[in-house]
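Structural characterization, general
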There are 2 protein chains.
Amino acid sequence: MADLEKDIVGMLETLGSHGKDPAGGISRFLYSKEWLAAQKYLEQEMKELGLDVHFDEIGNLYGQLKGSKYPNETILSGSHVDTVGNAGYYDGQLGIVAAFLAIKYLKEKYGQPLRNIEVISMAEEEGSRFPYAFWGSKNVVGTAKREDVENIKDADGVSFVDAMRECGFDFREENKGIREDIKAFVEMHNEQGGVLEAEKKSVGVVTSIVGQRRFNVEIGGQANHAGTTPMGYRKDAVFAASQMIYEIITEAKKYGDPLVTTVGQIEVTPNVVNVVPGKALFTMDIRHTEKSALVDFTDVVTEKINTIAKEHGVDVSIDMWMDEDPVPMDEKIVKLIEESCDKNGLNYKVMHSGAGHDSQVLAPHVPTAMLFVPSRDGISHNPAEYTEPHDLAEGVKALMGALYELAYKE
Amino acid sequence: MADLEKDIVGMLETLGSHGKDPAGGISRFLYSKEWLAAQKYLEQEMKELGLDVHFDEIGNLYGQLKGSKYPNETILSGSHVDTVGNAGYYDGQLGIVAAFLAIKYLKEKYGQPLRNIEVISMAEEEGSRFPYAFWGSKNVVGTAKREDVENIKDADGVSFVDAMRECGFDFREENKGIREDIKAFVEMHNEQGGVLEAEKKSVGVVTSIVGQRRFNVEIGGQANHAGTTPMGYRKDAVFAASQMIYEIITEAKKYGDPLVTTVGQIEVTPNVVNVVPGKALFTMDIRHTEKSALVDFTDVVTEKINTIAKEHGVDVSIDMWMDEDPVPMDEKIVKLIEESCDKNGLNYKVMHSGAGHDSQVLAPHVPTAMLFVPSRDGISHNPAEYTEPHDLAEGVKALMGALYELAYKE
């Protein structure tokens, strides 16, 4: 299917031309001119394919291939059309292109399905322009709150509401849930990690999206002169922090996959070469597919941190400021995708997602599944983001298999 | 000697009124109006005491009590008159006040000495206004270089040279060494550390000023997504840094006094909660009274750092950007001061200085010694800097004893 590879790469490039950033990659923010042009381009493509096309109130774009037998049952597939700043060509838009081409190829090969198949280009997921993320998917399921965006502005001072209305969209009626005809959602996405590449797999079948907890750990020691304070007189916040960080990461490695723990940020006070630091703050990001493991590992590190603080004679506070539960994918659809991958001879791996996706917003409301394709060097949110055309095609084949099982079978 | 306590406190307060900062403490920067007022005040006090007073070319102020028998031999004592921003009432100015009052009391009690005794109020030590430190003492010994200050400016853009000339001073003739009549220098200073307080001593007799080495240690790992990168796939710069810092400080504690090692500054890249850090930089400040120990401990930590980097599979570079040798005080004067303290029943401790002082500039050129008084909680460079009046008086008594031995004895 060399045509499929060409089709995917070509459509990613055309879609990516809307928002091409002179500084590299794509910058296509919610309700920008480039964003609107991208949605209009997709609308046109969908119309040309003969789909029933419409925007919802806030600007999610839908294109439906009608089912013959169950007109009130829809299988939805797609992803988000917005990007971070200087994004690559895959994050988000690949899921839309893949769903569109899957429908196109299925239609060509099998004609009309029993159930509707519908591609969705969701308005927003990244939270890159306004301080709000998952605006698209939250409006699909009806959990977006008007009050959360009513008073927010972008970095240039443009209000969310003005930008939305400028594009011709407006708030959706509140408390209206997800459309009743939607029976399943399947999202394809690039992995944004290096597991598939390392294991030489073309496709990932996602069983779960990790839960995550984020913490600030703040250590209060005593600032002192670096020359006149003997080692035995010190309450060195950085010395305590270094032991904590070292032991936290060591524990995380010992705990084993799929647990990951990251100390990504450190702030030292006063942070000068010749003062024993009086304060140190570090962040902890802990993720796992099981809530119980998140709870368990939180206990492990909390005890470690408190013990080390006591040994060093420093104060410590641990503040958990994010606590998101893991989101399991629908077991039946996952099984069905695995079987379809086996049938089609695809080189796949069953795995979890360590990153958040639109699927986690839809999963509590409708049976949901995800497919991954590899990311070279695990790179994402960067113009260097890349997936081999061969793997792109394998991914779309897996998606076609899934949609075929869901929409063409009784 | 309740009068002595009162005299010291009173004179510190009056001197400290020149440069009193509404934001707290004293801000008295080189060649400022406040600085000039302080020097003029001291000049007046010295004149009233009957000393021979003069400024040198750059603005160091001297007041001499003439000796009867050796008019070509001078015992010098004093410290710097400038302060850091929001300084306390002790750092620097205490050494001037102590020398002035020691001369006053010695003159009252013993009359004219055999050798000249001279108080010096040095222009600058802190490097707080311009990016240059020890301007005063370097001009006393003749090692200040015109070219080093000719093109420097303060934060407001005022040039060093303009500020100097505005106060009525100018460059000293270059390559003119220290005055030949100066036979000894004794500086009194507050400790700026917590050792004397912890050991309940009133006076410190300094044997040596530490040498110091400063380093940047830079670790290059690989930045990765905090969710999608399993622990086994990471090259986490902060994980490696945490182990290095923990082991460096642990080694320093094991090495024992007087070694001190401080990791005061940490910079993480990109320093965000949800990215495995690709880079980490930390500083190391190592001090000891023996050069051989500095070299030895540098070897110890260099090997540690390289070994840990190898284990973590990260790159590391170690850059030593400061390497100052220790400066021993004059053994004969130190011994003489100890004997004098014993004779006068003073509660003293023989110790080193972990901080730099004017004495380290003078010591290579003239026999030099230092005396410390306690700093409450070890605090310095802060309006909360404090020394008990009783300890101030004990310190001045120790200085009087030293000057008596040096100037009144054959």
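An unreviewed UniProt entry annotates chain A as Zn-dependent hydrolase originating from Ornithinibacillus halotolerans.

All names here are of chain A. Annotation from UniProt places "binding site: Zn(2+) 1" (unreviewed entry) at His 80, Asp 91 and His 189. Considering the C-alpha atoms alone, the annotated residues occupy 110 residues of sequence yet fold into one spot, their largest mutual distance being 9.8 Å. One can find His 80 in strand β3 (residues 70-80). Apart from the residues within four sequence positions on either side, His 80 is in contact with Asp 91, Gly 92, Gln 93, Ile 96, Met 122, Glu 124, Glu 125, Glu 126, His 189 and Asp 358. Here Asp 82 takes part through its side chain, which lies 3.0 Å from a polar atom of the side chain of His 80. With respect to the helices and strands, the residue Asp 91 is situated in the loop between β3 and α3 (93-110). Residue classification places Asp 91 among the buried residues on the basis of a relative accessible area of 5%.

So, about the relation of the copies chain A and chain B. Once turned by 180° and shifted 0.0 Å along the axis, chain A lies on chain B with an RMSD of 0.1 Å. On the angle and the small slide along the axis, the relation comes out as a two-fold axis. Among all C-alpha atoms of chain A, that of Ser 242 of chain A lies closest to the rotation axis, at 2.2 Å. Both copies share a contact surface, since 100% of the interface residues of chain A are interface residues in chain B too.

Here we take up the pattern of salt bridges. As enumerated under the stated definition, the model contains 41 salt bridges over all chains in all. In this structure, Glu 405 of chain A engages Lys 409 of chain A in a salt bridge whose closest nitrogen and oxygen atoms are separated by 3.0 Å. Assessed through its relative accessible area of 17%, Glu 405 of chain A is described here as buried. Given a relative accessible area of 33%, Lys 409 of chain A falls into the partly exposed group. When the shortest N-O distance is used, the salt bridge between Lys 254 of chain B and Glu 251 of chain B registers 3.1 Å. Placement of the pair is Lys 254 of chain B and Glu 251 of chain B together in helix α8 (residues 237-255), with a separation of three residues, close to one helical turn. The exposure class assigned to Lys 254 of chain B is exposed, which follows from its relative accessible area of 62%. By relative accessible area, which is 15% here, Glu 251 of chain B ends up buried. Each of Arg 213, Lys 291, Asp 323 and Asp 325 of chain B takes part in one network of salt bridges that share partners.

With that settled, the discussion passes to the UniProt feature "binding site: Zn(2+) 2" (unreviewed entry) in chain A. Residues and elements named next belong to chain A. As annotated by UniProt and renumbered to match this structure, "binding site: Zn(2+) 2" (unreviewed entry) occupies Asp 91, Glu 126 and His 381. Separation in sequence by 291 residues is not matched in space for these annotated residues, since their most distant C-alpha atoms are only 10.2 Å apart. Along the chain, the position of Glu 126 falls in the loop between β4 (115-122) and α4 (135-141). What Glu 126 contacts, discounting residues up to four positions off in sequence, is His 80, Asp 82, Thr 83, Val 84, Asp 91, Ala 133 and His 381. Looking at where His 381 falls in the secondary structure, it is placed in the loop between β16 (368-373) and α12 (389-407). Contact partners of His 381, with chain neighbours within four places excluded, come to Val 84, Asn 86, Asp 91, Glu 126 and Gln 192. Within the local environment of His 381, its side chain forms a polar contact with the side chain of Asp 91, the two groups lying 3.0 Å apart.

What follows deals with unusual backbone geometry. With an omega of 5°, the peptide bond between Thr 269 of chain A and Pro 270 of chain A qualifies as cis. Topologically, Pro 270 of chain A is positioned in the loop between β10 (266-269) and β11 (275-276). Omega for the peptide link from Asp 257 of chain B to Pro 258 of chain B comes to 0°, which places this bond in the cis form. As for its placement among the helices and strands, Pro 258 of chain B is situated in the loop between α8 and β9 (260-262). Unlike most non-glycine residues, Tyr 31 of chain A shows phi in positive territory, near 60°. On the accessibility criterion, Tyr 31 of chain A (4% relative accessible area) is buried. Unusually for a residue other than glycine, His 381 of chain B sits at a positive phi of about 55°.

Every contact between the two is made by 55 residues of chain A and, on the other side, 55 residues of chain B. Counting the surface lost from both chain A and chain B, the interface buries some 4,500 Å², and carbon and sulfur atoms represent 61% of this. For the interface between chain A and chain B, the tally reads zero salt bridges. At the junction of chain A and chain B, the tally comes to 14 residue pairs in polar contact (both at pLDDT 80 or more). If you list the elements that add at least two residues to the side of chain A that touches chain B, you get α7 (195-198), β8 (224-225), α8 (237-255), β9 (260-262), β10, β11 and β12 (279-288) of chain A. At ten residues, α8 of chain A tops the list of elements feeding residues into the side of chain A that touches chain B.

Cut-off values and rules
Residues numbered from 1 in each chain as written. Chains lettered and ligands numbered in written order. Predicted model: local features only at pLDDT ≥ 70, side-chain atom pairs only at ≥ 80, totals over all residues. Heavy atoms only, no water. UniProt positions renumbered as here; feature names shortened; annotations may be inferred. Helix = DSSP H or I, 4+ residues; strand = E, 2+ residues; numbered from the N terminus. Contact = heavy atoms within 4.5 Å. Polar contact = N/O pair within 3.5 Å; in protein donor to acceptor, adjacent residues only side chain to side chain. Buried < 20%, exposed > 50% of the residue type's maximum accessible area, 1.4 Å probe, protein only. Least-squares fit on C-alpha atoms with pLDDT ≥ 70 in both. Salt bridge = Lys/Arg side-chain N within 4 Å of Asp/Glu carboxyl O. Buried area = accessible area lost by both parts, 1.4 Å probe.

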